[in-house]
Amino acid sequence: MTRTVYVNGAYMPEDQAKISIFDRAFLFADGVYEVTAVVGGKMVDFDPHIARLHRSLDELEMACPLGDDALREMHEELIGRNGLDEGVVYMQITRGVADRDFTYPEDAEPTVIGFTQVKPLIDSPQARSGVTVVTIPDIRWRRRDIKSTALLAQAMGKQAAKTHDAYEAWMVEDGYVTEGTSSSAFIVTGGDTIVTRQLSNDILPGVTRRAILKLSADAGIAVEERLFTVDEAKAASEAFLTSASSFVLPIVRIDGQQIGDGTPGPVVAKLREVYLKEAAGA
Ligand code: PDD
């Protein structure tokens, strides 16, 4: 089926969508994006995605060309026109089109695009089996809190994972895990305490991470936001990752080493169940 996509105010078949070669995102990765999950045709946690979009734009001194209602309408229109039941909506805003010059152009109109992708999120085979990760050095820039389209280091990391038959790569800096190439990283220590790195410029503030920390606190599960090493992760009773495009996935091996008994553990199973319930009802 040909998708209907959104480009600068217009909906069109994907093969008719065109962007200038002078778009700053093409030349400089000068753009930001959001990926929002859709379950049962409804968006999950849209408001925090929009809040993070504004934060990314502000950090780059980029104007938001559409109001929040228009952004929501664009997402809902894409979901409706494509009959999307389960999957994601990808939205990107770039600084726009200008002759190549490093400094920000003064009069460029931002480019806004959006499209849908079908993906099983609820009944996921990876959730049943658990996934494997490998660790790699974190070679990214120092403003990972901005959800920018500069994702080459993450693409290299995901390719390294694929080469090792792993689902995800966890990036490591100074011996500590930062995050996955497209997901937040968690471990469970002492059988009942969730540990994830504290927010800073070193990681993306994950929307799913935020929801999981809140659900954990509500369920009386202890949470520690702190650094953790690869060795601590390998010795953990459970490990998991979160993202809008995978929700909550158990990790059963890190660098080939089995985590816990090598099957999805009870804490992550509980969190996934609670999160799915909330997502389905959102
Ligand atoms: N990635 N960390 C990184 C580096 C990410 O790229 C993502 C999301 C996350 C999780 O954030 P959230 O829970 O808000 O999805 C953490 C999206 C899904 C992507 O690039 O496709």
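On a predicted model such as this, the values are computed, not experimentally measured, just so you know. (Residues numbered from 1 in each chain as written. Predicted model: local features only at pLDDT ≥ 70, side-chain atom pairs only at ≥ 80, totals over all residues. Heavy atoms only, no water.)

Novice: Whenever I open this one, helix 3 (residues 68-81) confuses me. Can you help?
Specialist: In this model, helix 3 (14 residues) spans 20 Å end to end at C-alpha, consistent with the 20 Å of a helix rising 1.5 Å per residue. For helix 3, the full list of buried residues reads Leu71, Met74, His75, Leu78 and Ile79. Buried residues in helix 3, looked at end-on, bunch into an arc of 130 degrees, giving them a common side. Summarising the geometry of helix 3, the exposed residues directed more than 90 degrees from the buried face are Asp69, Glu73 and Gly80. (Helix = DSSP H or I, 4+ residues; strand = E, 2+ residues; numbered from the N terminus. Expected span 1.5 Å × (residues − 1). Buried < 20%, exposed > 50% of the residue type's maximum accessible area, 1.4 Å probe, protein only. Arc of directions from axis to C-beta.)

Novice: Teacher, can you tell me more about the site of the ligand here?
Specialist: Around the ligand lies a shell of 20 residues, among which Tyr33, Arg52, Glu179, Val207 and Thr208 are the nearest. Between the ligand and Lys147 there is a distance of 3.3 Å, counted from a nitrogen atom to a side-chain nitrogen or oxygen. Ser182 places a main-chain nitrogen or oxygen 3.4 Å from a nitrogen atom of the ligand. Relative to its unbound accessible surface of 470 Å², the ligand loses 91% to contact with the protein. A breakdown of the residues in the shell around the ligand according to their chemical character gives 5 nonpolar, 11 polar and 4 charged. (Near = heavy atom within 4 Å. Polar contact = N/O pair within 3.5 Å; in protein donor to acceptor, adjacent residues only side chain to side chain. Areas by Shrake-Rupley, 256 points an atom, 1.4 Å probe, with all protein chains shown as cover. Nonpolar A, V, L, I, M, F, W, Y, C, P; charged D, E, K, R; others polar.)

Novice: Quick question: what am I supposed to make of helix 8 (residues 266-281) here?
Specialist: The α-helix advances 3.6 residues per turn, and as a result positions three or four apart in sequence lie on the same side. Between its first and last C-alpha atoms helix 8 spans 23 Å; for 16 residues at 1.5 Å apiece the expected length is 22 Å, and the two agree. Of the residues making up helix 8, those classed as buried are Val267, Val268, Leu271, Arg272, Tyr275, Leu276 and Ala279. With its buried residues spanning 155 degrees around the axis, helix 8 presents them on a single face. Relative to its buried face, helix 8 has exposed residues pointing more than 90 degrees away, namely Pro266, Lys277, Ala280 and Gly281.

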